[in-house]
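Per-entry structural report
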Amino acid sequence: MILEQKIYLWLLLAIPVIVLLFLGLSFWKVRAQRKFAEKAMLDHLIPDRSWFKPILKLVTVCVAILFITIALVNPKAGTKLETVDREGVDIVFAVDVSKSMLAEDIAPNRLQKSQQLVTQILNSLASDRIGLIAYAGSAVPQLPITTDYGSAKMFLQALNTDLISSQGTAIAEAIQLAESYYGDNSEAAKVLVIISDGEDHEGEAISMAEDAADNGVRIITIGVGTEKGGTIPIKRNGVTQSFKKDNDGNTVITKLNTETLSEIADAGNGVYIDGTITADAIEALQDELSGIDKVAFESQQYADFASQFQWFLGIGLFFLVLEMIYTNRKTGWIKKLNLFNE
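Residues numbered from 1 in each chain as written. Predicted model: local features only at pLDDT ≥ 70, side-chain atom pairs only at ≥ 80, totals over all residues. Heavy atoms only, no water.

Below, the discussion takes up a nonpolar patch on the surface. Judged by side-chain polarity, Ile7, Tyr8, Trp10, Leu11, Leu13 and Leu72 come together as a nonpolar surface patch covering roughly 650 Å² of accessible area. Here leucine 13 lies in the loop between β1 (2-3) and α1 (14-36). The class of leucine 13 is partly exposed, set by a relative accessible area of 49%. (Patch = residues over 30% accessible without salt bridge, like charges linked within 9 Å, V, L, I, M, F, W, Y side chains within 5 Å. Areas by Shrake-Rupley, 256 points an atom, 1.4 Å probe, with all protein chains shown as cover. Salt bridge = Lys/Arg side-chain N within 4 Å of Asp/Glu carboxyl O. Helix = DSSP H or I, 4+ residues; strand = E, 2+ residues; numbered from the N terminus. Buried < 20%, exposed > 50% of the residue type's maximum accessible area, 1.4 Å probe, protein only.)

A few words on the pairing of strand β3 (residues 90-96). Among the 7 residues that make up β3, 7 are buried, leaving the element largely enclosed by the rest of the structure. Looking at chain direction, β3 and strand β4 (residues 129-135) are connected through 7 bridges and run parallel. In the sheet register, alanine 94 faces β4, and the bridge partner there is isoleucine 133. For the segment spanning β3, helix α4 (residues 110-124) and β4, crossover handedness is right-handed. Both β3 and strand β6 (residues 190-196) contribute to a ladder of 6 bridges, which runs parallel. When the sheet's bridge partners are listed, phenylalanine 93 is paired in β6 with valine 193. (Pairing = 2+ DSSP bridges. Right-handed = clockwise from strand over helix to strand, strands pointing away.)

A word on helix α8 (residues 258-267). Within the span of α8, buried status applies to Thr260, Leu261, Ile264, Ala265 and Ala267. Along the long axis of α8, the arc covered by the buried residues comes to 165°, so they all point the same way. Away from the buried face of α8 by more than 90 degrees, exposed residues Glu259 and Asp266 are located. Two or three places before glutamate 259, at the start of α8, stands the capping residue asparagine 257, its side-chain oxygen 3.3 Å from that residue's backbone nitrogen. (Arc of directions from axis to C-beta. Polar contact = N/O pair within 3.5 Å; in protein donor to acceptor, adjacent residues only side chain to side chain.)

Bringing the packing of aromatic side chains into the picture now. Per the stated rule, a full pass over the model turns up 3 aromatic pairs. Between phenylalanine 67 and phenylalanine 312, the aromatic rings sit 6.3 Å apart at their centres with planes inclined by 25°, giving stacked as the arrangement. Here phenylalanine 67, found in helix α3 (residues 52-73), pairs with phenylalanine 312, found in helix α10 (residues 309-325); they are 245 residues apart in sequence, far enough to count as distant. Given a relative accessible area of 21%, phenylalanine 312 falls into the partly exposed group. Here the aromatic rings of phenylalanine 67 and phenylalanine 319 are separated by 6.4 Å at their centres, their planes lie at 5°, and the arrangement is stacked. Here phenylalanine 67 is found in helix α3, whereas its partner phenylalanine 319 is found in helix α10, with 252 residues between them in sequence. Linked through ring pairs, Phe67, Phe312, Phe318 and Phe319 together constitute an aromatic cluster. (Phe/Tyr/Trp six-rings, centres within 6.5 Å; stacked < 30°, edge-to-face > 60°.)

A few words now on the pattern of salt bridges. Applying the stated criterion across every chain yields a total of 7 salt bridges. The partner of lysine 57 in a salt bridge is glutamate 323, and the shortest N-O contact between them spans 2.9 Å. Taken together, the residues lysine 57 in helix α3 and glutamate 323 in helix α10 connect sequence positions 266 residues apart. By relative accessible area, which is 17% here, glutamate 323 ends up buried. Across the pair aspartate 105 and arginine 110 runs a salt bridge, and its minimum N-O distance is 2.8 Å. With relative accessibility at 0%, the residue arginine 110 sits in the buried group. One salt-bridge network, held together by shared partners, links Asp105, Arg110 and Asp197.

The next point concerns the sheet that holds strand β5 (residues 139-146). The sheet built from 6 strands is open, its strands ordered β5-β4-β3-β6-β7-β12 with mixed pairing. Two strands in the sheet have a free side with no partner beyond their single neighbour: β5 and β12 (272-274). Neighbour-to-neighbour, the strand axes of the sheet open up by a mean angle of 20°, direction not taken into account. As judged from the 3 bridges shared by strand β7 (residues 217-223) and β12, these two strands associate in the parallel manner. Bridge pairing in β12 places glycine 223 opposite aspartate 274. Across the sheet, α8 touches β6, β7 and β12, and the angle it forms with β7 is around 165°. (Axes fitted to C-alpha atoms, helices over the stretch in contact; angles between N-to-C directions. Contact = heavy atoms within 4.5 Å.)

Model confidence for the protein chain is summarised by a mean pLDDT of 83, while 83% of its residues fall at 70 or above. No element of the protein chain has a lower mean pLDDT than helix α11 (residues 332-337), at 50, and none a higher one than β12, at 95. (pLDDT = per-residue confidence, 0-100.)

Core analysis: the biggest nonpolar cluster contains 35 residues, and Ile91, Phe93, Val95, Leu125, Val193 and Ile195 have the highest contact counts within it. Listing elements by their share of this core, those giving two or more residues are β3, α4, β4, α5 (149-157), β6, β7 and α9 (278-290). When neighbours within four sequence positions are excluded, valine 95 is seen to be in contact with Leu111, Ser114, Val118, Leu132, Ile133, Ala134, Tyr135, Leu156, Leu159 and Ile195. Core analysis: the next-biggest nonpolar cluster, separate from the first, contains 23 residues, Ala94, Ile175, Ile194 and Ala209 among them. (Core = buried A, V, L, I, M, F, W, Y, C linked by side-chain atoms within 4.5 Å.)

Right under this line is the structure:
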């Protein structure tokens, strides 16, 4: 079931508002009637008055609003299945989440810029399979190879610098982990996209990239940051409290290391891309991917969804008509049964 226009769900707030107005009006009417006469006298003066009918009308109106709102949201349900052949490449994104990615030398900061880059790249892809890795002092899998771009974006936006406790930039470990993502029996081309500021504190990334290239993995690196560098803010509730310092008490200046990222890309039979301008970075990546042969790797079934709003609209209109039929007087045969002690 898919809800097409979720914004209309806000209309459901009308239900508690109507209930509160009903309670307020009922309280006012009771007080006004008590000023006019005692309860026994009112029962004599208005013998057909029903306490239950107004509540029934209220419930009917609320149910009508509920179903009409659902109709406006336009729920869709699958009606048939289709088999669709897909072809593309297997792309794993390895995103640096070390503390240096908090530097704001590129707006809004390096990590958020990386998230924006990958999101835009995903929007430009069609049928490629994708995976996601986060790394700092170690590498952690986030999403295995999949065609579910929605889940990939959700996991991508959840990335933060507190995800991995050990600090550093373990690019070598990220490359090694990415190799485990690709299926042994898959004939699809293997691409690893590393998004980082290039501060590699282990020094094994180049040799690991060469090994990955020997195994058919093409490594593309995207640099995020500036060579001038920037400080690493320490924030609390979104407000900068101080800046990260080294062991000697000096403020740390983190800089984009294009040399390391270029060397890793060269060793991985790929290219280095400057991620400063999002549109240029995406275009460069697309050019690189367009030169890779795509392979049919799977067939998936997709449901053809059809709107179901008419059923909910019909039920909602039925309850509206029902509410107009109701009166506030006691129903004759119910009055004889006296089910509600009226």
